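The lines below spell out each chain.
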Amino acid sequence: MTQPALPESIGPYRVLEWLGEGGMGHVYRAEQTSPRRDVAIKLSRTLSAGADTLRRFARETELLGTLEHPNIARLYSSGAVDSPLG
């Protein structure tokens, strides 16, 4: 597992640390300022997401958004953002 360069921010979130990587991308711990809370941000591992990658992320977002359980990550938002990582 190779840690990528740590960006200062991703969209409106201040990046605090790299947590690891999953099947589709890298995961960062970040801070949301309003409301103030720690969040996890998952970014596609490919620098330019193709149509298939975007469809997979959209499907994951739809599924995660329907789940409610204390041991499953809660989805606060999703979308695309330009970042230093691509």
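Residues numbered from 1 in each chain as written. Predicted model: local features only at pLDDT ≥ 70, side-chain atom pairs only at ≥ 80, totals over all residues. Heavy atoms only, no water.

Q: Any chance you could explain the overall build of the chain here in plain terms?
A: When its secondary structure is counted, the chain shows one helix and four strands. If you list the helices and strands of the chain from N to C, you get β-β-β-β-α. By the burial criterion, 23% of the 86 residues in the chain qualify as buried. Restricting the contact set of the chain to residue pairs at least 6 apart, pairs at least 24 apart contribute 22%. Of the roughly 6300 Å² of accessible surface on the chain, a fraction of 51% belongs to carbon and sulfur atoms. (Helix = DSSP H or I, 4+ residues; strand = E, 2+ residues; numbered from the N terminus. Buried < 20%, exposed > 50% of the residue type's maximum accessible area, 1.4 Å probe, protein only. Contact = heavy atoms within 4.5 Å. Areas by Shrake-Rupley, 256 points an atom, 1.4 Å probe, with all protein chains shown as cover.)

Q: Looking at this structure, I do not really get the pattern of salt bridges. What am I missing?
A: Proximity of charged atoms lets side chains of opposite charge pair with each other. Under the counting rule described, the total for this entry stands at six salt bridges. Here Arg14 ties to Glu31 by a salt bridge, and the two come within 3.0 Å at their closest N and O atoms. Here Arg14 is found in strand β2 (residues 13-21), whereas its partner Glu31 is found in strand β3 (residues 25-33), with 17 residues between them in sequence. The exposure class of Arg14 is partly exposed, given its relative accessible area of 42%. Connected through shared salt-bridge partners, Arg14, Glu31 and Arg36 make up one network. (Salt bridge = Lys/Arg side-chain N within 4 Å of Asp/Glu carboxyl O.)

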